[in-house]
Amino acid sequence: MHTARSIISGGEPSALLESEVLTLNDEEKKSLLEKAGITNVSISPAEVLAIKTGLTIPWNRLRILRRWLKASGVSLAGEERMRYICRRIVGSNLKGEMALFSFPSTSGGEELRVAVVYIPDVVLKVVDLLEENQRTGRLTWHDGVIPASEIWLKLGGDKGGSSFKMNFQIVNVAAPNSVHNTCVFCCFEADDTVTNLRIALDRYKDQVAHLQGMQWRQYTIKLFMCGDYEFITRMYGLSRASARGHAPPRTYESICTDHQRYIASGVRRKQVKHFYNCITEPIFNIPIEQVCPPGLHITLGIFTKLYGLLEDECHALDLELALLSYEEAHSSFDTYSQELQMLRSLQSELKQAEEAYAVLQQMTTYVSLVIGEKDPVTADFFVQCEEKKKYLGKLEAEVAKSKAIVEKGFSIKEGPFVKALDDALQSIGVHRQQYFGGAFVGNHVHQALKECNIQKLCRSLCETGKNKLPHRSTQAEHRTEILAKAFSMFARCHNIYDHNFIDETQAHALEEAVGE
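This section reports on the structure supplied with the text. These figures come from a predicted structure and were not determined experimentally.

Rules of the game
Residues numbered from 1 in each chain as written. Predicted model: local features only at pLDDT ≥ 70, side-chain atom pairs only at ≥ 80, totals over all residues. Heavy atoms only, no water. Helix = DSSP H or I, 4+ residues; strand = E, 2+ residues; numbered from the N terminus. Contact = heavy atoms within 4.5 Å. Pairing = 2+ DSSP bridges. Axes fitted to C-alpha atoms, helices over the stretch in contact; angles between N-to-C directions. Phe/Tyr/Trp six-rings, centres within 6.5 Å; stacked < 30°, edge-to-face > 60°. Buried < 20%, exposed > 50% of the residue type's maximum accessible area, 1.4 Å probe, protein only. Salt bridge = Lys/Arg side-chain N within 4 Å of Asp/Glu carboxyl O. Parallel < 35°, antiparallel > 145°, perpendicular 65-115°, else oblique. Left-handed = near helix turned anticlockwise from the far one by under 90°. Nonpolar A, V, L, I, M, F, W, Y, C, P; charged D, E, K, R; others polar. Core = buried A, V, L, I, M, F, W, Y, C linked by side-chain atoms within 4.5 Å. Patch = residues over 30% accessible without salt bridge, like charges linked within 9 Å, V, L, I, M, F, W, Y side chains within 5 Å. Areas by Shrake-Rupley, 256 points an atom, 1.4 Å probe, with all protein chains shown as cover. Lys, Arg positive; Asp, Glu negative; His and termini not counted. Charge placed at Lys NZ, Arg CZ, Asp CG, Glu CD.

**Regarding the overall build of the protein**
Okay, step 1: Counting secondary structure elements, the protein contains 19 helices and 9 strands.
Okay, step 2: For the protein, the proportion of contacts with a sequence separation of at least 24, taken over those separated by at least 6, is 65%.

Here it is in structure tokens:
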């Protein structure tokens, strides 16, 4: 047969065989492979690891994929062999250890030993990735947005689930925020409090200082800090972002100076406001001018606030509608409204007290580590923690009592006006995250801030008012116009800054939009 093919094909039997196979359909190919005894396809350990990395899937999902592929005649390499290769690749590039981290508890706080995994030499990792991007031609300066002599690098952190992850991203690539461009270099299973961040990240202080301004090839590396607002304030040693009175513009040096002044004053919690809330030194030496504003978190915060106002308007009308239906339950709308206002006031007070208690716990842990648990100042902090805890308990009881009265009639989500608003939200493709307290995500905001969708959301209040409360329809329309204008003004700002990079023209336009 081989001789015949060689004669027919003019000395190219393989080419002829290939053309013959291509004429077969899928069933004929499968039958041919079975007759040849080729019924299984094997994928090597290195190739499976490449698949796992490329798809960013964990080991347990890889096992599911292995079972599914095995049913189709495809065999993946064994997990034991793959893990062995992983260990050889990782080597000393990744380390793990047990460390003491602080956790909140009913007694004020406790320390537990948990795992922390980290890359020992971040500088070497950064250089390796830069060399790889240079070799593959992926480095870009985004049409002059980044100076031609600089390489930009973002450091950031985020707590997702039970673990905190610190990472860096090279900005000089086409998609700098992509998960494939994110390198996690430290991870631990604890809250991202000031104390815990110091325990995990102090080992990188000198490395970050070395990276800032380091020369790589002919380029200078410039570091930026990114993350949500709470994370950034903790990384810069601030108990909160606000400051007492007219504070001068912050700098890295001024935060260090104000912290030293605070330490010299005796570490009194009530006095920290006089030192611009600088309870600790910044963890990394990155100038304030190189902090990336948390655009997504700002967007979600403002949109959630505006939507909350719209939902409150709907709920107020639902309350009035409920009074018409349940005269026996509430003698007057004023009585019910006063109780609702009291509940909101208590909830706001409780939230502030919880935030203050969380800050107090962090400061107590930090002070006990700095000056010792037996020092009188530390003892005073523990007393304040206990007093604040009792005050929280009292507030929680008052909130529970007031909430029981307010919610006696119906849940906020059951009112006709709020239901109509939620239906309008669903109709524009915004489905809130039910497993996360009905929270919005970034794509929800993009969709809802389209002008046509803003009008649709606000119009739901007017249309329901005409049907359910005709005598209040004029007031509903007036309130709707105000809220629709607020949404539109925010949408203008959002459309300007919702870009990868903002030039001077866009920055000026954003300043004007914010000013309006």
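**Things to note about the sheet that holds strand β3 (residues 95–103)**
Okay, step 1: Read from one edge of the open sheet, 7 strands run β3-β4-β7-β6-β5-β9-β8, paired in mixed fashion. With partners counted over all chains shown, the strands left at the sheet margins are β3 and β8 (215–216), one partner each.
Okay, step 2: Across 2 bridges, the pairing between β8 and strand β9 (residues 219–226) is antiparallel. Paired with Trp216 across the bridge in β9 is Tyr219.
Okay, step 3: Sitting on the sheet, helix α7 (residues 122–135) touches β5 (150–160), β6 (163–170), β7 (182–188), β8 and β9, and the angle it makes with β6 is about 45 degrees.
Okay, step 4: Packed on one face of the sheet, helix α8 (residues 194–201) meets β3, β6 and β7 and runs near 160 degrees to β3.

**Observations concerning the packing of aromatic side chains**
Okay, step 1: Under the counting rule described, the total for this entry stands at 13 aromatic pairs.
Okay, step 2: Where Trp216 meets Tyr219, the ring centres are 5.8 Å apart and the plane angle is 25 degrees; that geometry is what we call stacked.
Okay, step 3: Its relative accessible area of 4% is what places Trp216 among the buried residues.
Okay, step 4: When the centroid spacing of 5.2 Å and the interplanar angle of 75 degrees are considered together, the rings of Tyr307 and Phe440 count as edge-to-face.

**Digging into the pattern of salt bridges**
Okay, step 1: Inspection of every chain in the model, using the stated rule, returns 13 salt bridges.
Okay, step 2: With a shortest N-O distance of 3.4 Å, Arg138 and Glu132 are connected by a salt bridge.
Okay, step 3: Among the residues examined, Glu132 registers a relative accessible area of 33% and is labelled partly exposed.
Okay, step 4: Glu230 is the partner of Arg234 in a salt bridge, and the nearest nitrogen-oxygen pair spans 3.5 Å. With a gap of 4 residues between them, Arg234 and Glu230 both fall in helix α10 (residues 229–235), about one helical turn apart.
Okay, step 5: In this structure, a network of salt bridges that share partners links the residues Arg63, Glu79 and Arg83.

**Quick notes on unusual backbone geometry**
Okay, step 1: Backbone geometry at Thr56 places phi at a positive 50 degrees, although glycine is not the residue there.
Okay, step 2: Mapped onto the elements of the fold, Thr56 is located in the loop between α4 (45–55) and α5 (59–70).
Okay, step 3: Even without being glycine, Arg217 reaches a positive phi, approximately 55 degrees.
Okay, step 4: Within the secondary structure layout, Arg217 lies in the loop between β8 and β9.

**As for the packing of helix α17 (residues 451–468) against helix α18 (residues 473–497)**
Okay, step 1: Look at α17 against α18: their axes get within 9 Å of each other, and the N-to-C directions meet at 165 degrees. One element, α17, and the other, α18, form an angle in the roughly antiparallel class. As α17 runs across α18, the sense of the crossing is right-handed. Seen from α17, the contacting residues are Glu451, Ile454, Gln455, Cys458, Arg459, Leu461, Cys462, Gly465 and Lys466; seen from α18, they are Ser473, Ala476, Glu477, Thr480, Leu483, Ala484, Phe487, Ser488 and Ala491.
Okay, step 2: When its residues are assigned to classes, the contact of α17 with α18 shows 9 nonpolar, 5 polar and 4 charged.

**Describing the nonpolar core**
Okay, step 1: Counting 52 residues, the largest nonpolar core has Met166, Leu201, Ile221, Met235 and Phe284 as the members making the most contacts within it.
Okay, step 2: No other element matches the 5 residues that β9 contributes to this core.
Okay, step 3: Filtering out sequence-adjacent residues up to four positions away, Met235 remains in contact with Met166, Leu197, Leu201, Met225, Pro282, Ile283 and Phe284.
Okay, step 4: Core analysis: the next-biggest nonpolar cluster, separate from the first, contains 35 residues, Ala448, Ile454, Cys493 and Ala513 among them.

**Observations regarding the pairing of β7**
Okay, step 1: Across 3 bridges, strand β4 (residues 110–118) lies against β7 in antiparallel orientation. Considered in β7, the bridge of Val116 is made with Phe188.
Okay, step 2: Relative to β7, β6 runs antiparallel, the two being bridged by 6 bridges. Directly across from Lys165, in β7, lies its bridge partner Cys187.

**Topic: a negative patch on the surface**
Okay, step 1: A cluster of acidic residues, Asp26, Glu27, Glu28 and Glu34, forms a negative patch at the surface.
Okay, step 2: Its location among the elements puts Glu34 in helix α3 (residues 26–35).

**Details of the side chain of Thr280**
Okay, step 1: Relative to the helices and strands, Thr280 is located in the loop between α11 (252–264) and α12 (295–325).
Okay, step 2: Residue classification places Thr280 among the buried positions, given a relative accessible area of 1%.
Okay, step 3: Leave out the neighbours within four places in its chain, and Thr280 touches Val194, Arg198, Tyr236, Gly237, Ile255, His259 and Tyr366.

**Brief notes about the environment of Leu296**
Okay, step 1: Structurally, the position occupied by Leu296 is in helix α12.
Okay, step 2: For the pair Leu296 and Val445, spaced 149 residues apart in sequence, the C-alpha to C-alpha distance is 9.7 Å.

**Looking at the environment of Leu461**
Okay, step 1: Within the secondary structure, Leu461 sits in helix α17.
Okay, step 2: Residue classification places Leu461 among the buried residues on the basis of a relative accessible area of 1%.
Okay, step 3: Separated by 40 residues in sequence, Leu461 and Leu421 have C-alpha atoms that sit 6.8 Å apart.
Okay, step 4: Leu461 has contacts with Leu310, Glu313, Cys314, Leu317, Phe417, Ala476 and Thr480, leaving out every residue within four places of it along the chain.

**Some words on the side chain of Asn133**
Okay, step 1: Along the polypeptide, Asn133 turns up in helix α7.
Okay, step 2: Apart from the residues lying within four places of it in its own chain, the contact partners of Asn133 are Arg138, Leu139, Ile170 and Val173.

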